[in-house]
Amino acid sequence: MISVEDITVCFEKKRVLDHFSACFPEKGITALSGPSGCGKTTLLRVLAGLQETEGGKVNVPDRPVLLFQEDRLLPWRTAAQHISDVLPRARRGEAGRWLELVELEEAAGQRPAALSGGMRRRLALARTLACGGAVFLLDEPFTGVDAPCAGRILARIRGLGVPVLLSSHEAEVVALCDRMIPLDGPPLRILQG
Ligand SMILES: Nc1ncnc2c1ncn2[C@@H]1O[C@H](COP(=O)(O)OP(=O)(O)OP(=O)(O)O)[C@@H](O)[C@H]1O
């Protein structure tokens, strides 16, 4: 089971997650949903081991892989090179498979400047998936991607058999997931003193 138990994250006086607990099934695709600023990115960063908590417990399989909310692409590398850069030498030939998964095979030779926003997002997603891992933590993976395309990609991701936690504002994307965990409630609590 992937879970956080009684974790708190504060940024200066802002309490973003306040004695927060949740369990995430180790199967299928789970959406984290909630208003902007409620702590979805923060929770994914906690699960990825990038954000410390005040107390509590974090249970996550070894080798979680995080798709950052920003694309973080390299302007001088082609789409195919972005993928092969993260593959072990013996598997470099698999780049095309990951580009196909996100419907970017025809853009293999293009650099990020020649791609649309949604194409860049799909490239960042493909690079994350190509890394492999025990759980994929995907922060807004479909920003700028139309819902039918997102649906096809999600179906292929499901076929990888790796549990996925994703954050999304888009109702169409949330509806395509196996379940949704709301992170609603007041987005911030200001600590006294
Ligand atoms: N490094 C930081 N320093 C200070 N405040 C931060 C930091 N990271 C996040 N926050 C604050 O924590 C709150 C939650 O941010 P977070 O990015 O987790 O929200 P979110 O639900 O992912 O939002 P969105 O849907 O807009 O991406 C926000 O108010 C944000 O300003």
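See the structure printed just above.
Read on for a plain summary of the structure. (Residues numbered from 1 in each chain as written. Predicted model: local features only at pLDDT ≥ 70, side-chain atom pairs only at ≥ 80, totals over all residues. Heavy atoms only, no water.)

**As for the environment of Val-58**
Turning to its location among the elements, Val-58 is positioned in strand 4 (residues 57-59). Looking at Val-58, the relative accessible area reads 34%, which means it is partly exposed. Linking Val-58 and Gly-109, residues 51 residues apart in sequence, is a C-alpha distance of 40 Å. Dropping the residues within four chain positions of it, Val-58 is found in contact with Ser-3, Val-4, Ile-7, Val-46 and Leu-47. (Helix = DSSP H or I, 4+ residues; strand = E, 2+ residues; numbered from the N terminus. Buried < 20%, exposed > 50% of the residue type's maximum accessible area, 1.4 Å probe, protein only. Contact = heavy atoms within 4.5 Å.)

**With respect to the pattern of salt bridges**
This model, assessed by the stated rule, comprises 9 salt bridges. Across the salt bridge formed by Arg-152 and Glu-103, the nearest N and O atoms sit 2.7 Å from each other. Of this pair, Arg-152 sits in helix 5 (residues 147-159) while Glu-103 sits in the loop between helix 3 (95-101) and helix 4 (117-131); the two residues are 49 residues apart in sequence, bridging distant segments of the chain. Given a relative accessible area of 40%, Arg-152 falls into the partly exposed group. On the basis of relative accessible area, Glu-103 is assigned to the partly exposed category, the value being 25%. (Salt bridge = Lys/Arg side-chain N within 4 Å of Asp/Glu carboxyl O.)

**Topic: the packing of aromatic side chains**
Counted by the stated rule, this structure contains 0 aromatic pairs. In this structure, Arg-72 is placed above the aromatic ring of Phe-68, and the distance from its NZ or CZ to the ring centre is 3.7 Å. Stacked on the ring of Trp-98, the Lys or Arg Arg-97 has its end atom at 4.1 Å from the ring centre. (Phe/Tyr/Trp six-rings, centres within 6.5 Å; stacked < 30°, edge-to-face > 60°. Lys NZ or Arg CZ within 6 Å of the ring centre and 35° of its normal.)

**Regarding the site of the ligand**
Near the ligand you find 14 residues, and of these Ser-36, Lys-40, Thr-42, Gln-69 and His-169 are the closest. Cys-38 places a main-chain nitrogen or oxygen 3.2 Å from an oxygen atom of the ligand. In this structure, Thr-42 approaches the ligand through a side-chain N or O atom, which is 2.6 Å from an oxygen atom. For the ligand, the protein covers 66% of the area, taking 640 Å² as the surface of the free molecule. A total of 3 residues in the shell around the ligand trace back to one element, the largest contributor, which is helix 1 (residues 40-48). (Near = heavy atom within 4 Å. Polar contact = N/O pair within 3.5 Å; in protein donor to acceptor, adjacent residues only side chain to side chain. Areas by Shrake-Rupley, 256 points an atom, 1.4 Å probe, with all protein chains shown as cover.)

**Notes on unusual backbone geometry**
Most peptide bonds adopt trans geometry, and most residues besides glycine take a negative phi value. One non-glycine residue, Glu-103, lies in positive phi territory at about 60 degrees. Despite not being glycine, Glu-140 shows a phi value in the positive range, around 50 degrees. Residue placement: Glu-140 occurs in the loop between strand 6 (135-139) and helix 5. By relative accessible area, Glu-140 is classed as buried at 5%.

**Let's talk about the sheet that holds strand 3 (residues 29-33)**
Spatially, 5 strands are ordered 5-6-7-3-8 in an open sheet, and the strand pairing comes out parallel. The open sheet has two edge strands with one neighbour each: strand 5 (64-67) and strand 8 (179-182). When strand polarity is set aside, the average angle formed by the axes of neighbouring strands in this sheet is 20 degrees. Where strand 3 lies against strand 7 (residues 164-167), 4 bridges are found, and the strand directions are parallel. For Ala-31, the partnering residue across the bridge sits in strand 7 and is Leu-166. Sheet strands in contact with helix 1 are strand 3, strand 5, strand 6 and strand 7, and its direction is about 155 degrees off that of strand 6. (Pairing = 2+ DSSP bridges. Axes fitted to C-alpha atoms, helices over the stretch in contact; angles between N-to-C directions.)

**Focus: the environment of Val-173**
Tracing the backbone through its elements, the reader meets Val-173 in helix 6 (residues 171-176). The spatial distance from the C-alpha of Val-173 to the C-alpha of Phe-68 is 17 Å, given a sequence separation of 105 residues. Other than its neighbours up to four places away in sequence, Val-173 contacts Phe-142, Ala-150, Leu-154, Leu-166 and Ser-168.

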